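# Descriptive analysis of the structure
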Amino acid sequence: LSTWLPKAMADFVKVLRSEKDVKQWLPLADKEPHIVFFSDKKTTPPLMKALSIDFKGRAALGVVLAGSEELARKMGVRSRPAVIYIKDEDSL
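Residues numbered from 1 in each chain as written. Predicted model: local features only at pLDDT ≥ 70, side-chain atom pairs only at ≥ 80, totals over all residues. Heavy atoms only, no water.

### Brief notes about the environment of Gly-57
Within the secondary structure layout, Gly-57 lies in the loop between helix H3 (46-54) and strand S3 (60-64). In the structure, Gly-57 is positioned 32 residues away from Trp-25 in sequence and 14 Å away in space, judged by C-alpha atoms. (Helix = DSSP H or I, 4+ residues; strand = E, 2+ residues; numbered from the N terminus.)

### Let's talk about the nonpolar core
Soluble, globular proteins show a tendency: their nonpolar side chains are buried together. Counting residues in hydrophobic clusters, the biggest one holds 15 residues, and the most contacted among them are Leu-16, Val-22, Val-36 and Phe-38. Once residues within four sequence positions are removed from consideration, Val-36 is found in contact with Leu-16, Trp-25, Gly-62, Val-64, Ala-82, Val-83, Ile-84 and Ile-86. Counting residues in hydrophobic clusters, the runner-up holds 7 residues, among them Val-13, Val-15, Phe-37 and Val-63. (Core = buried A, V, L, I, M, F, W, Y, C linked by side-chain atoms within 4.5 Å. Buried < 20%, exposed > 50% of the residue type's maximum accessible area, 1.4 Å probe, protein only. Contact = heavy atoms within 4.5 Å.)

### Focus on the side chain of Ser-39
Mapped onto the elements of the fold, Ser-39 is located in the loop between strand S2 (34-38) and H3. Sequence-distant contacts of Ser-39, defined by excluding residues within four places in its chain, comprise Pro-45, Val-63, Val-64, Leu-65, Ala-66 and Arg-80.

### Overview of the pattern of salt bridges
Evaluated as defined, the whole model comprises 2 salt bridges. Of the charged contacts, one joins Lys-74 and Glu-19 as a salt bridge, the two residues approaching to 3.3 Å between their closest N and O atoms. Here the residue Lys-74 occupies a position in helix H4 (residues 69-74), and Glu-19 occupies one in helix H2 (residues 19-25), the gap between them amounting to 55 residues. Taking relative accessible area as the criterion, Lys-74 reaches 52% and is therefore assigned exposed. Here Glu-70 makes a salt bridge to Lys-74, at a shortest N to O gap of 3.4 Å. Taken as a pair, Glu-70 and Lys-74 lie in helix H4 at a separation of 4 residues, close to a single helical turn. Each member of the pair Glu-70 and Lys-74 is classed as exposed. Several salt bridges share partner residues, and in doing so they unite Glu-19, Glu-70 and Lys-74 into one network. (Salt bridge = Lys/Arg side-chain N within 4 Å of Asp/Glu carboxyl O.)

### Looking at the sheet that holds S2
Read from one edge to the other, the open sheet built from 4 strands follows the order S1-S3-S2-S4, with strand pairing classed as mixed. Looking at the sheet topology across the chains shown, the edges are occupied by strand S1 (14-15) and strand S4 (82-86). Here 5 bridges tie S2 to S3, and the two strands are oriented parallel to one another. Its bridge partner lying in S3, Ile-35 is registered against Leu-61. (Pairing = 2+ DSSP bridges.)

This is the structure in structure tokens:
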């Protein structure tokens, strides 16, 4: 059950691997706040998937997974886990 459930859950989290991904993602849900979670995991954590279901249409959730250290550094994140709020593209 613990391996099946995360795979079967709906997932509205955008995986962000590069600065280009972030810049393309921001305008898609322009009216919603953008929250980015920096994880030390290689896959989207089940908690983030659950939150993406609860907040669908109210907040855009993105995740930066392990292996994307350059993007984390560019966004000012030094350790994981971390969460940041992106107000707009200019705040990057």
